[in-house]
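Architecture and fold: a report
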Amino acid sequence: MSAELAEAATHADFNLIRYAQVWEDADILLAALDIQPTDVCLSIASAGDNVLSLISRSPARVIALDLSPAQLACMELRVAAFRQLEYPTILELIGIKHSENRSDHYQKCRINLCEGTRAFWDSHPEWIAQGIGHVGKFEHYFSVFRRFILPLVMNRKKVDALLSPKSKEDRSRFYHEAIDSSRWRMLFHLFFSRTVMGWKGRDPSFFRYVEGTVSDRILTRLRHALIELEPDKNPYLQWILLGTYRTVLPHYLREENYESIRRNLDRLEWHESSIESYLEGAPDLISKFNLSDIFEYMSEANTHAILEKIGQTAKKGSRLAYWNMLAPRCVPADLHHLIRPIDDLGARLHQVDKAFFYSAFHVEEVVG
């Protein structure tokens, strides 16, 4: 068992749907990786959203990996949906548009699922009926926030006002006058504390390497998203506040990307595996890496080992992209002879990251 697999699997349960959506901005991911037709991409699968965004760019191949059978089941159902369903029906299956026919939509997709994935979804018809984008632990966490915490500080009229188009000056004024109260800060610090997030949102083990106050960092990033960015163009913020997307969708669900994703589905494969284990059998193959936020859950020693392996096996000029949420991780100085950071690009993309809760976005390049 690899160091990555051993460390993660020892502390977290990978048999539940932790993320029914991918809470990482595919727009900055695609800008960072600059995918070309000859590229072979390696990506953390999660729920599959960003894997589908990668294949929309028509690379030679995309290889998706995850330690969680449940997350791979989420991705496989999305792949089947793009094969079998028309665009509006996919939005119904995900749970963005109202539908009484999600069970029928699932039956159309079911024929394209492997036996294990069919059994997984067949045993949870209530998840299909709810919409598969709603059923993860993390999505439930935001649902609790939306139902019980948000109304204490912001009624629906104020939420609508927050999500309406404004200038930066007006956004700043609205935040400081209509949102930033002592009650807001108190409730935010409580609900987004390490304890509550570990209980209701992320797995408690995911905070093993986090130092400092979790809620302070997230509140700082939220302030950035509400003032510096445009809430009416932020799908992640809209889902947190509304439980759906109002004016904008994440990359893979935009109608203009539907045909390219559908056309390239045969370029995608997936495996239940760690990054490190997969790389043992695939030297000199991968040229683009979407590493999600996997280093968030690892010690510095295991992070070093995986980055060193990538630096030793990947093609010269290969690119890596990954997020830090609360645990600072990046290529260490003693590996710069193998992988160099592209700090200016990572920092610039982080400033426009619509998945605002991450503390850093790293873009790095294999030196060779």
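Presented here is an overview of the structure given in this document. (Residues numbered from 1 in each chain as written. Predicted model: local features only at pLDDT ≥ 70, side-chain atom pairs only at ≥ 80, totals over all residues. Heavy atoms only, no water.)

Mapped onto the elements, Asp 122 comes out in helix H7 (residues 115-122). Assessed through its relative accessible area of 34%, Asp 122 is described here as partly exposed. With 16 residues separating them along the chain, Asp 122 and Tyr 106 place their C-alpha atoms 9.4 Å apart. Those residues in contact with Asp 122 that sit more than four places away from it in its chain are Tyr 106 and Arg 110. At a separation of 2.7 Å, a polar atom in the side chain of Asp 122 contacts the side chain of Tyr 106. (Helix = DSSP H or I, 4+ residues; strand = E, 2+ residues; numbered from the N terminus. Buried < 20%, exposed > 50% of the residue type's maximum accessible area, 1.4 Å probe, protein only. Contact = heavy atoms within 4.5 Å. Polar contact = N/O pair within 3.5 Å; in protein donor to acceptor, adjacent residues only side chain to side chain.)

Sheet strands associate in pairs through backbone hydrogen bonding, adopting either a parallel or an antiparallel arrangement. Here 7 strands make up an open sheet; going across it, the order is S3-S2-S1-S4-S5-S7-S6 and the pairing mixed. Across the chains shown, the open sheet's two edge strands, defined by having one partner strand only, are strand S3 (268-272) and strand S6 (339-341). Here the average twist between neighbouring strands, direction ignored, is 20°. When S6 meets strand S7 (residues 360-366), the two strands line up antiparallel, connected through 3 bridges. The partner of Arg 340 across the bridge, within S7, is Glu 365. Its contacts with the sheet place helix H4 (residues 69-84) against strand S2 (61-66) and S3, and it is angled at close to 160° to S3. Packed on one face of the sheet, helix H19 (residues 343-351) meets strand S5 (319-324), S6 and S7 and runs near 150° to S7. (Pairing = 2+ DSSP bridges. Axes fitted to C-alpha atoms, helices over the stretch in contact; angles between N-to-C directions.)

This structure, assessed with the given rule, holds 27 aromatic pairs. Ring centres of Tyr 141 and Phe 142 lie 5.7 Å apart, and the angle between their planes is 45°; on these two criteria the pair is classed as tilted. Assigned by exposure class, Tyr 141 and Phe 142 land together as buried. Measuring from ring centre to ring centre gives 4.8 Å for Trp 323 and Phe 361, while their planes differ by 50°; the resulting arrangement is tilted. (Phe/Tyr/Trp six-rings, centres within 6.5 Å; stacked < 30°, edge-to-face > 60°.)

With that out of the way, let us pick up the environment of Ile 342. Take Ile 342: it is sitting in the loop between S6 and H19. Ignoring any residue separated from it by four or fewer positions in sequence, one finds Ile 342 in contact with Arg 319, Val 363, Glu 364 and Glu 365.

Evaluated as defined, the whole model comprises 20 salt bridges. Across the salt bridge formed by Arg 83 and Asp 266, the nearest N and O atoms sit 2.9 Å from each other. Of this pair, Arg 83 sits in helix H4 while Asp 266 sits in the loop between helix H16 (258-263) and S3; the two residues are 183 residues apart in sequence, bridging distant segments of the chain. Between Arg 156 and Asp 160 there is a salt bridge, and its shortest N-O distance comes to 3.2 Å. Highlighted residues: Arg 156 and Asp 160, both in helix H10 (residues 156-162), separated by 4 residues, approximately one helical turn. Residue classification places Arg 156 among the exposed positions, given a relative accessible area of 53%. Its relative accessible area of 29% is what places Asp 160 among the partly exposed residues. (Salt bridge = Lys/Arg side-chain N within 4 Å of Asp/Glu carboxyl O.)

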